[in-house]
Amino acid sequence: MTNLPKVIFVLGLPGSGKGTQCQKIVQEFGCVHLSAGELLRIERSKPGSQFGEMIEKHIKEGTIVPVEVTCSLLEQSMKKEMEADKAKDTFLIDGFPRNKNNMDGWQKEMSHKTDLQFVLIFECTEKECVERCLSRGEAGSGRTDDNIESLQKRQLIRTHISSTEPIIEFYEAKGLVRKVNGSRSPDEVFEDVRKIFVGLKKK
Ligand SMILES: Nc1ncnc2c1ncn2[C@@H]1O[C@H](COP(=O)(O)OP(=O)(O)O)[C@@H](O)[C@H]1O
Ligand SMILES: O=c1ccn([C@@H]2O[C@H](COP(=O)(O)OP(=O)(O)O)[C@@H](O)[C@H]2O)c(=O)[nH]1
Ligand SMILES: [Mg+2]
């Protein structure tokens, strides 16, 4: 059972810096970055995808795609990476699980096939996150949800907190939650992230 793929969940509000920090982790620690949102955006844009329209609706509204779709995209991606290179056995799963349906689906389908290391959470104020997402849109992200209308829906902080709360509680009880203050410069945030990952590698 020691050869199961290792998984780290990376969570935080949209704009809290998950993608930015994951890139830095990849550079320094060689993990594989899998953004659930990015996998959904790719699936949505595949010609003939039976899920394309459904995914786009959820992304625009800031609601959450049913777990079966997201989980299978994550599983396929992990398989593909490991088939190509066996050494690629540590995955940063960015932006998932986002609600209880996601977590329950993962527990049922994937928890026994993977080895969860910890859950990394970026804490950042709602105001700063909204500003960052708007700048991301202005800088040409091309995302259909980096605008104020979608952000207002996505950012409903109470919704986000209430949907991620059970997840954080569940993993906190297992001692797996690692929180980092994301309201600083990317390099300052990464200094704290690095300490957490160095610990992981020493295990
Ligand atoms: N620590 C930071 N300080 C300022 N801007 C940041 C920081 N981290 C990320 N950003 C910028 O904010 C936007 C959102 O970051 P991103 O990594 O995409 O967040 P997430 O994946 O959590 O939505 C991007 O345009 C990114 O360049
Ligand atoms: O597990 C997931 C991850 C993302 N999404 C959808 O994809 C959007 C964008 O997610 P992403 O993680 O890319 O956003 P970010 O937090 O990086 O801004 C979300 O608002 C959801 O609609 C989803 O349904 N399930
Ligand atoms: Mg992201």
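Structure: above.
Presented here is a report on the structure given in the accompanying data block. In this numbering scheme, every chain counts its residues from 1 along its sequence in written order. A letter from A marks each chain and a number from 1 marks each ligand, given out in the order of writing. Where totals are concerned, whole chains, interfaces and linings use all residues; where local detail is concerned, this predicted model gives features only for residues with pLDDT of at least 70, and gives and counts side-chain atom pairs only at 80 or more.

A word on the overall build of the protein chain. Only runs of H or I of at least four residues qualify as helices and only runs of E of at least two qualify as strands under DSSP, and these elements are numbered from the N terminus. Tallying secondary structure elements over the protein chain gives 9 helices and 5 strands in all. Each helix and strand of the protein chain, ordered N terminal to C terminal, gives the series β-α-β-α-α-α-β-α-β-α-α-α-β-α. Taking 203 residues into account, the globule formula puts the C-alpha radius of gyration at 17 Å, and the protein chain, at 16 Å, falls close to it. Referenced to the eigenvectors of the C-alpha coordinate spread, the extents of the protein chain come out at roughly 45 × 40 × 30 Å. Exposed residues have 12 or fewer other C-beta atoms within 10 Å of their own C-beta, buried residues have 20 or more, and residues in between are partly exposed; the C-beta atoms are placed from the backbone. Burial status across the protein chain gives 31% buried among its 203 residues. To get the radius of gyration, use the C-alpha atoms; to get the globule rule, take the number of residues to the power 0.38 and multiply by 2.2 Å.

Let's shift gears to the sheet that holds strand β3 (residues 90–94). In this scheme, strands are said to pair when DSSP sees at least two bridges between them. In space, the 5 strands of this open sheet follow the order β2-β3-β1-β4-β5, with parallel pairing throughout. Edge strands, defined here as strands with exactly one partner in the open sheet, are β2 (32–35) and β5 (177–181). Between one strand and the next, the sheet's axes are offset by a mean angle of 25°, whatever the strand orientation. Direction of pairing for strand β4 (residues 115–123) relative to β5: parallel, over a ladder of 5 bridges. In the strand pairing of β5, leucine 120 is matched with arginine 178. Contact between residues is assigned whenever the C-beta positions, reconstructed from backbone atoms, fall within 7 Å. Simply put, an axis is a line fit to the C-alpha atoms, just over the touching stretch for a helix, and the angle between two N-to-C directions goes from 0 to 180 degrees. Where helix α2 (residues 36–45) meets the sheet, its contacts fall on β2 and β3, and the angle it forms with β2 comes to roughly 65°.

With that out of the way, let us pick up helix α1 (residues 18–29). One fewer than the residue count of a helix, multiplied by 1.5 Å, yields its expected span. Here α1 is 12 residues long and its end C-alpha atoms lie 16 Å apart, about the 16 Å a rise of 1.5 Å per residue gives. All buried positions along α1 are accounted for by Lys18, Gln21, Cys22 and Ile25. Seen end-on, α1 carries its buried residues on one side only, within an arc spanning 105°. Each C-beta atom gives one direction from the helix axis, and the arc is the one those directions make.

It is worth spelling out the site of ligand 1 at this point. The C-beta atom of each residue is placed using the backbone, and any residue whose C-beta lies within 6 Å of a molecule or strand is treated as near it. With respect to spatial proximity, 14 residues lie near ligand 1, and among them Gly17, Lys18, Gly19, Thr20 and Arg132 are the closest. Every element with two or more residues in the shell around ligand 1 is listed here: α1, α6 (126–138) and α9 (186–202). Under this grouping Gly is polar, as are all residues other than the nonpolar Ala, Val, Leu, Ile, Met, Phe, Trp, Tyr, Cys and Pro and the charged Asp, Glu, Lys and Arg. Among the residues forming the shell around ligand 1, the class breakdown is 3 nonpolar, 8 polar and 3 charged.

Turning our eyes to something else, we now look at the site of ligand 2. Within the structure, ligand 2 sits among 22 residues, and Pro14, Ala36, Gly37, Val65 and Gly95 are positioned closest to it. Taken together, the elements giving at least two residues each to the shell around ligand 2 come down to α1, α2 and α3 (52–61). Of all the elements, α2 adds the most residues to the shell around ligand 2, at 4 residues. The residue makeup of the shell around ligand 2, split by class, is 7 nonpolar, 10 polar and 5 charged.

So, about the environment of tryptophan 106. Position of tryptophan 106 among the secondary structure elements: in helix α5 (residues 100–109). For tryptophan 106, the contacting residues outside a window of four places in its chain are Cys71, Pro97 and Ser111.

Phe9, Val10, Leu74, Leu92 and Ile93 are the most contacted members of the largest nonpolar core, which totals 40 residues. Apart from the residues within four sequence positions on either side, leucine 74 is in contact with Leu34, Ala36, Leu39, Ile93 and Phe96. As used throughout, a nonpolar core is a set of buried Ala, Val, Leu, Ile, Met, Phe, Trp, Tyr and Cys residues joined through C-beta atoms within 7 Å of each other.

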